[in-house]
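Here are the chains, one letter per residue:
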Amino acid sequence: LTRLSDSATLAATATSFDFPLDTNTYASTGSDFLSITDFCKLGHQEFCKKYGVSWHDGEDWNLKSGGNDLDHPVYAVANGVVVTSGYFGTSGCWGNVVLIEHTAPPGSSFRLPDGRTVSKVWSNYIHLNSRAVSAGQQVNKGDFIGRIGTGGCWSPHLHWEVRYVSVSATYN
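K.L.:
What am I meant to see in the packing of aromatic side chains here?
P.N.:
Centre distance and the angle of the planes are the two values used to describe a pair of aromatic rings. Applying the stated rule across the entire model yields 2 aromatic pairs. Residues Phe 17 and Phe 110 carry aromatic rings whose centres are separated by 5.4 Å and whose planes lie at 75° to one another, so their mutual orientation is edge-to-face. One end of the pair, Phe 17, is in the loop between helix 1 (4–12) and strand 1 (26–29); the other, Phe 110, is in strand 6 (residues 110–111), and 93 residues separate them in sequence. What makes Phe 17 partly exposed here is its relative accessible area of 38%. Each ring, one from Phe 19 and one from Trp 160, has its centre 6.4 Å from the other, and the planes form 65°; the classification is edge-to-face. You can see Phe 19 sitting in the loop between helix 1 and strand 1 and its partner Trp 160 sitting in strand 11 (residues 158–163), a full 141 residues away along the chain. Residue class for Phe 19 comes out partly exposed when judged on its relative accessible area of 40%.

K.L.:
What should I look at first to understand the pattern of salt bridges in this one?
P.N.:
Pairing between side chains becomes possible if they bear opposite charge and their charged atoms approach one another. In the structure shown here, the tally under the stated rule is 3 salt bridges. Between Glu 101 and Lys 120 there is a salt bridge whose closest N-O contact spans 3.4 Å. Of the two residues, Glu 101 sits in strand 5 (residues 96–103) while Lys 120 sits in strand 8 (residues 120–131), which places them 19 residues apart along the sequence. For Arg 116, the salt bridge goes to Asp 114, with nearest N and O atoms at 2.7 Å.

Quick notes on the rules
- Residues numbered from 1 in each chain as written.
- Predicted model: local features only at pLDDT ≥ 70, side-chain atom pairs only at ≥ 80, totals over all residues.
- Heavy atoms only, no water.
- Phe/Tyr/Trp six-rings, centres within 6.5 Å; stacked < 30°, edge-to-face > 60°.
- Helix = DSSP H or I, 4+ residues; strand = E, 2+ residues; numbered from the N terminus.
- Buried < 20%, exposed > 50% of the residue type's maximum accessible area, 1.4 Å probe, protein only.
- Salt bridge = Lys/Arg side-chain N within 4 Å of Asp/Glu carboxyl O.

All we've got here are geometric facts, nothing functional implied.
Shown next as structure tokens:
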């Protein structure tokens, strides 16, 4: 007999990760993880003038073909729990955002590129045109969570981040 709280914990355990889009047709393009200076130098001077000096702390994903990817589906990269699902407006070019918390299985951890280990990471999906999940909802790797949008400022693409510190979905 399994208690509901036990099965909820197991369902949210992330044992493996995938990409948020089909890597046969999508690739990380455009801006990658950039410093403050790099972001403003790469053609974003008007944005930096309007919203202040900023940096790009994620990856932008587009169709490899260069076609219009507006409303294409976005998927959860691992099992987890939706922490945030909401519309954050166009003033910061966020649009719809989904933030998912992923917990390592009991007795294990996630290893960061610098060798440190953490028990949780968060995947963040930004500029969505629509959201298919709600805060508190459990998701499994590969579940449909939303559709690619513009955030009200950009051409359609998915801005995707994986964080190892718990901060708000629109922390920049």
